[in-house]
Protein chains: 2
Amino acid sequence: MTVKIKDVAKRAGVSVTSVSRVLNGEKYVSEDVLARVNEAIEELKYSPSHIARSLKKQKTNTIGVIVPDLTSNFYSTILSSIEENASKYGYNLIVCNIAENLSKELKYLYIFQEMRVEGIIIMHEKTNDDIVSFVQNATMPILFSSVKSPDPTFMSVLIDDYQAAFDATEYLIDAGHTAISYLGGDLQDITSGQSRYNGFRDALIKHEIAINPDYIKFGDYKLPSGQALMKELLALPNRPTVVFAASDDMAVGALNCALDQGLYVPDDISIIGFDGSTITNIVRPAITSMQQPIYEMGQISLESLHRLITRPKTQQKTDIVLQHELVVRDSCKKIN
Amino acid sequence: MTVKIKDVAKRAGVSVTSVSRVLNGEKYVSEDVLARVNEAIEELKYSPSHIARSLKKQKTNTIGVIVPDLTSNFYSTILSSIEENASKYGYNLIVCNIAENLSKELKYLYIFQEMRVEGIIIMHEKTNDDIVSFVQNATMPILFSSVKSPDPTFMSVLIDDYQAAFDATEYLIDAGHTAISYLGGDLQDITSGQSRYNGFRDALIKHEIAINPDYIKFGDYKLPSGQALMKELLALPNRPTVVFAASDDMAVGALNCALDQGLYVPDDISIIGFDGSTITNIVRPAITSMQQPIYEMGQISLESLHRLITRPKTQQKTDIVLQHELVVRDSCKKIN
DNA sequence: CTGAAAGCGCTAACAG
DNA sequence: CTGTTAGCGCTTTCAG
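Residues numbered from 1 in each chain as written. Chains lettered and ligands numbered in written order. Predicted model: local features only at pLDDT ≥ 70, side-chain atom pairs only at ≥ 80, totals over all residues. Heavy atoms only, no water.

A. The arrangement of helix α10 (residues 223-234) of chain B in detail. All names here are of chain B. With twelve residues, α10 ought to run about 16 Å at 1.5 Å a step, and its terminal C-alpha atoms sit 17 Å apart, in line with that. Taken as a whole, α10 has its buried residues at Leu223, Ser225, Gly226, Leu229, Met230, Leu233 and Leu234. Down the axis, α10 shows its buried residues gathered within 160° of arc, on one side only. In α10, the exposed positions that point more than 90 degrees away from the buried face belong to Pro224 and Lys231. (Helix = DSSP H or I, 4+ residues; strand = E, 2+ residues; numbered from the N terminus. Expected span 1.5 Å × (residues − 1). Buried < 20%, exposed > 50% of the residue type's maximum accessible area, 1.4 Å probe, protein only. Arc of directions from axis to C-beta.)

Dropping the structure here:
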């Protein structure tokens, strides 16, 4: 069928061992053998079997990635960064887009295990017992990127959501806002939903600003959700002067809702986002957003996973907290 | 080390063959054996090795995907569709984001080959001799999605770029425009660059509208390129009344450039895009765009590849041309 | 420096 | 219905 190492050996007039040696760039091969083997490989168009090699070496150079939504700019950017760095370290990526489907995630975690991936990166916004239990019993390192790990024994690369939301809220307060709305993700999730909301709330408390329950609404981090929630907000008799959306997609949804109702942003109402996805810089007005270091997050996730894979013993499994940064654009008005 | 089929067999008190049989859901296993094997699997937390299985069966259930840019909404949406359908057919996806880097693409094509993927889907905008030669000599089916294949013997799933651009242009002409600008991708590429431009040009010719060379500009399909080209356009003494951007990203770039200069779209200048990415519906004004059936493209790509894999003989390798559709939004004014 | 041979974990005849 | 055994294509002792 396909040409194998034996064929190359025969053609080069050497043993399979020698071929294997040049394949793996070992020393202790004579110039002569090296040349003949390379020639034979060339002539036969030999392509070594990664599968056979993996089986023998018990090493696949593969890592699995769980993405919650490939079409989201935020996640596809992290994935892009993960891919770039994986490639640098010689890992191949097998990716699963769960699209909200937790049973698909679980299924793929088992597939990853059967494929003997060397590590797994999970980015999901929700989880369930089966998944947590898989993670706890897993034999390969698993790392959570941009989301909290289900329990402190697992490593996670993320920002301090609480502090970031707190800082964003203080920025709004400093700009003179007191009628502040919060459009959040689902509080029940393991995600940042709770932390971001708490950061928002505590900033208001610190500055002794009363929380108007009408201004607090929860959706699902996606654009249509921001749009729908904003619609409710705008229907209120007394509107907020600014809305803090807990994701950029929600912020854009809110922006579009306002724009479509003929309002001007930020003159009629201000909007601030969260994530720092490129979309904030694409829409008009460009949206002020609490930026996560997306590229860095992918990079550090991969580097950390690599360390976990190669030196499992020496690695502490503590979270890595990256720096957030408020990027001021054109969607927030000062109303001092 | 890890538990293997032999351990399960021993534990269940049967032969490895029997275990293998229940693993593969074959008939001819007694209730009794089935139960005991499943119990042993459970107790030992046995996870069958996909690698060993692949080696033996000479089948990996894996396909490789080359994506030009993961952060692009257009490609990540196709990828998402490919992933969803791959999962349906039981394929695992290994993905490479080439990010304009053709030598990375070539490297990964060889990796895909070593991994014995069963098929490859390529979405790239450029190519070179090495890649073409790889494709021509490849032993596994290779399919081009959303882009033209380098030569007619390879299958490609795409729209009729020429006709789509022609239709979009006629729409503009019907709306009364004669001062029409074209912002294109690179004509030299194997991409749709040439076809789209030709469609545009021929529509003008058919309607006897002179082509103003100042209005024809080429960039790279990305947002900043559209922005820069638009800037040149707006600096012209006599501006076009509409600009046809050959990609949605370019259209958004053009839109932002116009907006940032204080112009109103479509009142001061109209814009039409190409691709039908979700971004066209997110910006304001929403952009009229010639839409590719993105989801369907991913689905049909995967189905076709699957057919190529399972029934290589019976499959014709002709291109599959999908229907384009103009989606009218708010960025084009009638000027009759 | 080079080669023979023993597996890596699994499936698939083949024989019972 | 069940078990024995020979590989799948490669790497790696272990001897030369």
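Next comes the rest of the description.
B. Structural detail: the state of the cysteines. All names here are of chain B. Using the criterion set out here, one finds zero disulfides over all chains in the structure. Cys332 carries a free sulfur, and the closest cysteine sulfur to it, the one in Cys257, is 17 Å from it. Residue classification places Cys332 among the buried residues on the basis of a relative accessible area of 16%. (Disulfide = S-S within 2.5 Å.)

C. Layout of the protein's contact with DNA strand D. Around DNA strand D there are 24 residues in total, and Lys4, Ile5 and Tyr46 of chain A together with Thr17 and Ser30 of chain B lie nearest to it. For DNA strand D, the fraction of atoms within 4 Å of the protein that belong to sugar or phosphate moieties is 62%. Separating a phosphate oxygen of DNA strand D from a side-chain N or O atom of Arg53 of chain A is a distance of 2.6 Å. In this structure, a phosphate oxygen belonging to DNA strand D sits 2.9 Å away from a side-chain N or O atom of Ser18 of chain B. Looking at the surface near DNA strand D, the elements that each hand over two or more residues are α2 (16-23) and α4 (50-57) of chain A together with α2 (16-23) and α4 (50-57) of chain B. (Near = heavy atom within 4 Å. Polar contact = N/O pair within 3.5 Å; in protein donor to acceptor, adjacent residues only side chain to side chain.)

D. Broad picture of empty space enclosed by the protein. Evaluation of the coordinates by the stated rule reveals three cavities of 30 Å³ or more. Of the voids in this model, the largest cavity is the one considered here, and its volume is about 210 Å³. In terms of residue class, the lining of the largest cavity is built from six nonpolar, nine polar and no charged. Of the pockets and cavities examined, the second largest cavity occupies roughly 40 Å³. Surrounding the second largest cavity, Leu255, Asn256, Leu259, Ile282, Val283 and Arg284 of chain A together with Leu255, Asn256, Leu259, Val283 and Arg284 of chain B form its lining. Of all the secondary-structure elements, those providing two or more residues to the lining of the second largest cavity are α11 (248-260) of chain A together with α11 (248-260) of chain B. Here the residues of the lining of the second largest cavity sort into seven nonpolar, two polar and two charged. (1 Å grid on protein atoms, 1.4 Å probe; cavity = no way out; pocket = protein on both sides within 12 Å on 5 of 7 lines; lining within 4 Å. Points joined across faces, edges and corners; volume = space filled by probe spheres on them. Nonpolar A, V, L, I, M, F, W, Y, C, P; charged D, E, K, R; others polar.)

E. Broad picture of the UniProt feature "domain: HTH lacI-type" (unreviewed entry) in chain A. The sites that carry the UniProt feature "domain: HTH lacI-type" (unreviewed entry) are, in the present numbering, residues 3-57 of chain A. The distance from the first to the last C-alpha atom of residues 3-57 of chain A is 21 Å, and the span holds 69% helix and 0% strand. (UniProt positions renumbered as here; feature names shortened; annotations may be inferred.)

F. Layout of the protein's contact with DNA strand C. DNA strand C sits among 24 residues. The nearest are Ser30 and Lys56 of chain A together with Lys4, Ile5 and Tyr46 of chain B. Restricting attention to atoms of DNA strand C within 4 Å of the protein, one finds that 61% of them are sugar or phosphate atoms. Ser49 of chain B is positioned with one of its backbone polar atoms (N or O) 3.0 Å from a phosphate oxygen of DNA strand C. Class assignment for the residues of the surface near DNA strand C results in nine nonpolar, nine polar and six charged.

G. How the structure looks around the nonpolar core. Grouped together as the largest cluster of nonpolar side chains are 193 residues, with contacts concentrated most on Met230 of chain A together with Met230 of chain B. Discounting residues that sit within four places of it in the chain, Met230 of chain B has contacts with Val243, Ala254, Cys257, Ala258, Ile269 and Ile271 of chain B. (Core = buried A, V, L, I, M, F, W, Y, C linked by side-chain atoms within 4.5 Å. Contact = heavy atoms within 4.5 Å.)

H. Layout of the UniProt feature "domain: HTH cro/C1-type" (unreviewed entry) in chain A. Mapped onto this structure's residue numbering, the UniProt feature "domain: HTH cro/C1-type" (unreviewed entry) falls at residues 6-51 of chain A. Each end of residues 6-51 of chain A is marked by a C-alpha atom, and these two atoms are 16 Å apart; helix forms 67% of the span and strand 0%.

I. Spotlight on the sheet that holds strand β8 (residues 242-245) of chain A. Residue and element names in this part refer to chain A. As summarised here, the arrangement of the six strands in space is β7-β6-β8-β9-β10-β12, forming an open sheet in which the pairing is mixed. Each edge of the open sheet carries a strand with a single partner, namely β7 (216-218) and β12 (325-327). If you compare each strand with its neighbour and ignore which way they point, the axes differ by 20° on average. In this structure, strand β10 (residues 288-291) lies alongside β12, joined through three bridges in antiparallel fashion. The residue bridging Gln291 from the neighbouring strand is Glu325, located in β12. (Pairing = 2+ DSSP bridges. Axes fitted to C-alpha atoms, helices over the stretch in contact; angles between N-to-C directions.)

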